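# A look at the structure
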Amino acid sequence: MLEIALINGPNLALLGRREPEIYGDETLAGIVSRLSAEAEGLGVRLSAFQSDVEGELVRAVGEAGERGGGLIINPGAYSHGSIAILDALNAFPGPVIEVHISNVHRREPFRRRLVTAMGADAVISGAGPMGYSLALSLAVNLLRR
Ligand code: DQA
């Protein structure tokens, strides 16, 4: 069965209580269980990983790449500066969708610089937690193309 890896970066374990006016009130556990059910409906398997540590995210991207399939990643604040994560995304063999819950273009200017997005096939920003569902259907679509 095809795998879609869902990887979330720093502070995303706090979803639900972290600035809910920006990020909504759905928890990460809620997003993961909702997405797992959606993945099952699409005939793929979802794996989920979250870390606040850059190197752990790099390793998780590499390991997901070895297993094959697609990748949905929200690198959090590392999106704006991590060349290590960008390099890992560039080495990922399958489709990569970068998700931002908030519309980073409507916020502080420093959030407009998206370093890791250079390694993504598509970027979804500002769709709220629903952006993960959009990314899932896009990743499955790209994998089956
Ligand atoms: C975020 C946007 C980033 O600027 C921020 O640092 C995050 C979350 C988003 O999902 O909107 O941690 O990636």
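The paragraphs below set out a description of the structure included in this document.

What counts and how
- Residues numbered from 1 in each chain as written.
- Predicted model: local features only at pLDDT ≥ 70, side-chain atom pairs only at ≥ 80, totals over all residues.
- Heavy atoms only, no water.
- Helix = DSSP H or I, 4+ residues; strand = E, 2+ residues; numbered from the N terminus.
- Rg over C-alpha atoms; globule rule 2.2 N^0.38 Å.
- Buried < 20%, exposed > 50% of the residue type's maximum accessible area, 1.4 Å probe, protein only.
- Contact = heavy atoms within 4.5 Å.
- Areas by Shrake-Rupley, 256 points an atom, 1.4 Å probe, with all protein chains shown as cover.
- Arc of directions from axis to C-beta.
- Polar contact = N/O pair within 3.5 Å; in protein donor to acceptor, adjacent residues only side chain to side chain.
- Pairing = 2+ DSSP bridges.
- Right-handed = clockwise from strand over helix to strand, strands pointing away.
- Near = heavy atom within 4 Å.
- 1 Å grid on protein atoms, 1.4 Å probe; cavity = no way out; pocket = protein on both sides within 12 Å on 5 of 7 lines; lining within 4 Å.
- Sits in = over half its atoms within 2 Å of the grid points.
- Nonpolar A, V, L, I, M, F, W, Y, C, P; charged D, E, K, R; others polar.

## Some words on the overall build of the protein chain
- Looking only at helices and strands, the protein chain has five helices and five strands in total.
- Reading the secondary structure of the protein chain in the N-to-C direction produces β-α-α-β-α-β-α-β-β-α.
- Taken against the 2.2 N^0.38 rule, which gives 15 Å for 145 residues, the C-alpha radius of gyration of the protein chain at 14 Å falls within 12% of a compact globule.
- Taken along its principal axes, the extent of the C-alpha atoms in the protein chain is 40 × 30 × 25 Å.
- Taking all 145 residues of the protein chain together, the buried fraction comes to 48%.
- When contacts within the protein chain are restricted to residue pairs at least 6 apart in sequence, those whose partners lie at least 24 apart make up 75%.
- About 6900 Å² of surface is accessible on the protein chain, with carbon and sulfur atoms providing 53% of the total.

## Digging into helix 4 (residues 83–91)
- What helix 4 keeps buried is the set Ile85, Leu86, Ala88 and Leu89. One side of helix 4 holds all its buried residues, which, seen down the axis, span an arc of 160°. Projecting away from the buried face of helix 4 at angles above 90 degrees are the exposed residues Ile83, Asn90 and Ala91.
- Summarising the contacts, the buried residues of helix 4 are in contact with helix 3 (54–67), strand 3 (70–74) and strand 4 (96–100).
- For helix 4, the N-terminal cap is serine 82; the gap from its side-chain oxygen to the backbone nitrogen of alanine 84 is 3.5 Å.

## Details of the pairing of strand 3
- Of all five residues in strand 3, five are buried; the element is thus mostly enclosed.
- Burial along strand 3 is two-sided: the residues Gly70, Ile72 and Asn74 and Leu71 and Ile73 are all buried.
- In this sheet, strand 3 lies alongside strand 1 (residues 3–8) in parallel orientation, the contact comprising five bridges. Counted as the bridge partner of alanine 5 is leucine 71 from strand 3.
- Looking at chain direction, strand 3 and strand 4 are connected through three bridges and run parallel. Pairing of isoleucine 72 across the sheet is with isoleucine 97, part of strand 4.
- Handedness of the crossover joining strand 3 and strand 4 through helix 4 is recorded here as right-handed.

## Quick look at the site of the ligand
- In the vicinity of the ligand, the contacting residues are Arg18, Tyr23, Asn74, Gly76, Ala77, His80, His100, Ile101, Ser102, Val104 and Arg111.
- One of the side-chain nitrogen or oxygen atoms of arginine 18 is found 3.0 Å away from an oxygen atom of the ligand.
- Here an oxygen atom of the ligand and a side-chain polar atom of asparagine 74 are 2.8 Å apart.
- Within the complex, 99% of the 320 Å² of free accessible area of the ligand lies under protein.
- One can see that the ligand is located within the largest pocket.
- Residues that form the shell around the ligand fall into these classes: four nonpolar, five polar and two charged.

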